[in-house]
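# Analysis of the macromolecular model
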Amino acid sequence: MIIVGGGVMGCSVAYHLRAADPTLSVAVIEADPGYSRASSTLSVGNARIQFSLKENIWISQYTFEVLERFAEEMAVEGDAPDVAFRREGNLFLVDEAKRIQAEEALALQKRLGADVEWWSPAEIQERFPLFDTTGLVGGTFGPDDGHLDGYALLMGYRAKAISLGASYVEGEVAEIRVMAGKVAGVQLATGETFASPVVVNCAGAWAAEVAATARVRLPVDPVKRQVFVVDTEVKPETPLPLVNLVSGLYFRTEGDDRLLVGKSLADDPVGFDFSWKERRFTEQLWPELVEFAPAFDRLRVVRGWAGLYAVNRFDGNAILGEWPEVDGFYLANGFSGHGLQQAPAVGRYLSELITGQTPTVDLSVFGPARLYEGKSLDESEII
Ligand SMILES: Cc1cc2nc3c(=O)[nH]c(=O)nc-3n(C[C@H](O)[C@H](O)[C@H](O)COP(=O)(O)OP(=O)(O)OC[C@H]3O[C@@H](n4cnc5c(N)ncnc54)[C@H](O)[C@@H]3O)c2cc1C
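Structural notes, computed from the coordinates. (Residues numbered from 1 in each chain as written. Predicted model: local features only at pLDDT ≥ 70, side-chain atom pairs only at ≥ 80, totals over all residues. Heavy atoms only, no water.)

## Things to note about the packing of aromatic side chains
Think of a pair of aromatic rings as described by two things: how far the centres are apart, and how the planes are tilted against each other in angle. Counting across every chain of the model gives 15 aromatic pairs. When the centroid spacing of 5.5 Å and the interplanar angle of 15 degrees are considered together, the rings of Trp 206 and Phe 272 count as stacked. Residue Trp 206 is located in the loop between strand S12 (199–201) and helix H7 (207–212), and its partner Phe 272 is located in the loop between strand S16 (258–262) and helix H8 (278–292); the two are separated by 66 residues in the primary sequence. Given the relative accessible area of 29%, Trp 206 is considered partly exposed. Phe 272 gets classed as partly exposed once you look at its relative accessible area, which sits at 33%. Arranged with centres 5.6 Å apart and planes meeting at 40 degrees, the rings of Phe 228 and Trp 276 form a pair that is tilted. Note that Phe 228 is positioned in strand S13 (residues 220–232) and Trp 276 in the loop between S16 and H8, a separation of 48 residues in sequence. Take Trp 276: its relative accessible area is 29%, and that puts it in the partly exposed class. An aromatic cluster of three or more residues is present, and its members are Trp 119, Phe 128, Phe 131, Phe 141, Phe 251, Phe 292 and Phe 296. Between the NZ or CZ atom of Arg 127 and the centre of the ring of Trp 119, over which it lies, the distance is 4.0 Å. Above the ring of Tyr 168, the side-chain terminus of Arg 158 is found at 4.4 Å from the ring centroid. (Phe/Tyr/Trp six-rings, centres within 6.5 Å; stacked < 30°, edge-to-face > 60°. Helix = DSSP H or I, 4+ residues; strand = E, 2+ residues; numbered from the N terminus. Buried < 20%, exposed > 50% of the residue type's maximum accessible area, 1.4 Å probe, protein only. Lys NZ or Arg CZ within 6 Å of the ring centre and 35° of its normal.)

Here it is, written out as structure tokens:
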């Protein structure tokens, strides 16, 4: 089996394949083993139960289970990874226009056993006096949600996969080789070839480029997203959960007393652009932040970075499974802004599909056939 891309998805798939069947030969081919551009490293690490599609909620429930035992299960020779999962919560603010959508999502989350609360504007104000709740009808708070270290999650899966016998190859896959409608292997940019009847596309924001070499067109674009870490003069009294404004602006406490702020903007450039522009924060995000939390009008931008979302232009959701027209070509693509938290379930699911087991959790709604059947999945892309 060949996995193209050794980010969190590739490593999770590799781990699950070897754990399921130690006789399988599994090679992960990664172009940038330092992971300086991988979205897994550049993510803000949020994990939340607050989705509106039941399969995404199941995925997060599994993630929370896995995170509880990750250190123990992924330890290699006594060396246990620390993903630093901090359950500081997620608060999604709701205005009248979003009320019905939020109430329906909350009802679904509760039906599936998730712990999510509805807070009135007065409750929000009481807990966070720095916030101005004008125009809000309330908010949904998930106390189990939180954030984790994406690089540590990736490296945890990677180290365990290697300890179980997966091999990692440094190289750039230039072509997926297909013969008579079946995958035959890959060719690297160096010309070296690897034969395999199964190739898994885990190339993140590069997924469409990789798929195109097998003549598969994926609606997945690399889109730059920027993140800013700021030091506010007025400090919140307690750590802030990830607060999601109705507009899509989000912020949370980062480290001891700084804030991490971000927002997906309609004019975020498409392409492999990693440049980071502080002006984006001062001109566009800061005024919006101050409107909601006036005390943050005095702050200093400390640092930040830009990374790529693999945006699924079709419906913002994962594309999982074998491409119907190329036997043996599997996809784990298009996670947009929520792939890190989906890696545990995606790795397990793809490994089950590839090894012919009945999936523990049915994630077939994410199957690639929906792309040409025109059946989009209804889930709002929140961050
Ligand atoms: C700013 C930002 C914030 C985010 N916040 C969150 C969040 O809060 N929560 C969340 O769940 N998700 C978040 N995400 C999304 C999340 O990071 C991704 O969905 C997830 O990391 C995708 O993992 P991946 O393994 O598919 O991709 P990546 O981590 O990008 O890995 C893909 C790998 O493939 C390699 N590759 C590409 N092409 C080739 C090739 N031809 N040959 C060999 N190797 C190749 C690349 O070098 C790369 O290492 C965020 C992303 C960004 C950028």
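Now, onward.
## Focus on the site of the ligand
Lining the immediate surroundings of the ligand are 38 residues, of which Glu 30, Ser 40, Asn 46, Val 173 and Gln 341 lie closest. Within the contact set of the ligand, a nitrogen atom lies 3.2 Å away from a backbone nitrogen or oxygen of Ala 31. With respect to the ligand, the backbone of Asn 46 contributes an N or O atom lying 2.8 Å from an oxygen atom. Against a free-state accessible area of 1,000 Å², the protein chains account for coverage of 97% of the ligand. Only helix H1 (8–20), strand S2 (27–30), helix H2 (39–42) and strand S17 (299–312) provide two or more residues apiece to the shell around the ligand. Here the shell around the ligand is composed, by residue class, of 20 nonpolar, 15 polar and 3 charged. (Near = heavy atom within 4 Å. Polar contact = N/O pair within 3.5 Å; in protein donor to acceptor, adjacent residues only side chain to side chain. Areas by Shrake-Rupley, 256 points an atom, 1.4 Å probe, with all protein chains shown as cover. Nonpolar A, V, L, I, M, F, W, Y, C, P; charged D, E, K, R; others polar.)

## Some points on unusual backbone geometry
Even without glycine at this site, Glu 77 takes up a positive phi of about 50 degrees. Summarising the element assignment, Glu 77 is placed in the loop between helix H3 (54–74) and strand S4 (90–94). Positive phi, normally seen in glycine, also occurs at Ala 84, with a value near 50 degrees.

## Considering the side chain of Gln 50
You can see Gln 50 is positioned in the loop between strand S3 (46–47) and H3. Among the polar contacts listed, one links the side chain of Gln 50 to the side chain of Thr 140, at a separation of 2.6 Å. Among the polar contacts made by the side chain of Gln 50, one reaches the side chain of Asp 145 at a distance of 3.3 Å.

## Quick look at the nonpolar core
Ile 3, Leu 153, Tyr 157 and Leu 320 are the most contacted members of the largest nonpolar core, which totals 58 residues. Mapped by element, the contributors of at least two residues to this core are H1, H3, helix H4 (99–111), helix H6 (150–163), strand S19 (329–333) and helix H9 (343–354). Sorting elements by how many residues they give to this core places H3 first, with 8 residues. Contact partners of Ile 3, with chain neighbours within four places excluded, come to Gly 10, Val 13, Ala 14, Leu 17, Val 26, Ala 27, Val 28, Ile 29, Val 200 and Cys 202. Listed in part, the 37 residues of the second largest apolar core include Val 4, Ile 176, Phe 274 and Phe 329. (Core = buried A, V, L, I, M, F, W, Y, C linked by side-chain atoms within 4.5 Å. Contact = heavy atoms within 4.5 Å.)

## As for the sheet that holds strand S10 (residues 182–188)
An order of S9-S10-S11 is seen for the 3 strands of this open sheet, with the pairing classed as antiparallel. Every interior strand has two partners, whereas the edge strands, strand S9 (173–179) and strand S11 (193–195), have only one. Across the sheet, the axes of successive neighbouring strands diverge by a mean angle of 25 degrees, strand direction being ignored. For S9 and S10, the ladder comprises 6 bridges, and the chain directions are antiparallel. What sits directly across from Val 178, in S10, is Val 183. (Pairing = 2+ DSSP bridges. Axes fitted to C-alpha atoms, helices over the stretch in contact; angles between N-to-C directions.)

## Re the pattern of salt bridges
According to the stated counting rule, one finds 23 salt bridges in the structure shown. Here Glu 233 ties to Arg 298 by a salt bridge, and the two come within 3.1 Å at their closest N and O atoms. With Glu 233 in the loop between S13 and strand S14 (242–244) and Arg 298 in the loop between H8 and S17, the pair connects residues that are 65 residues apart, well separated along the chain. Residue classification places Glu 233 among the exposed positions, given a relative accessible area of 55%. Given a relative accessible area of 41%, Arg 298 falls into the partly exposed group. As a salt-bridge pair, Arg 279 and Glu 283 come within 3.7 Å of each other at their nearest N and O atoms. Of this pair, Arg 279 and Glu 283 both sit in helix H8, 4 residues apart, which is roughly one turn of the helix. (Salt bridge = Lys/Arg side-chain N within 4 Å of Asp/Glu carboxyl O.)

## Some details on the pairing of S10
Within S10, 5 of the 7 residues are buried, leaving the element largely enclosed by the surrounding structure. What sits between S9 and S10 in their antiparallel hairpin is a turn of 2 residues, with Ala 180 showing a positive phi close to 50 degrees. In this sheet, S11 lies alongside S10 in antiparallel orientation, the contact comprising 3 bridges. Within S11, the position partnered with Gly 185 by the bridge is Ala 195. Connecting S10 to the next strand, S11, in antiparallel fashion are 4 residues, including Gly 191 with a positive phi near 100 degrees.

## Looking at the sheet that holds strand S8 (residues 167–170)
With respect to topology, 6 strands assemble into an open sheet ordered S8-S2-S1-S12-S19-S18, the strand pairing being mixed. Edge positions in the sheet fall to S8 and strand S18 (319–322), since each of these pairs with one other strand and no more. The sheet shows a mean angle of 20 degrees between the axes of neighbouring strands, direction not considered. As defined by bridge partners, S12 adjoins S19 across 3 bridges and the pair is classed as parallel. When the sheet's bridge partners are listed, Val 199 is paired in S19 with Phe 329. Packed on one face of the sheet, H9 meets S12, S18 and S19 and runs near 170 degrees to S19.

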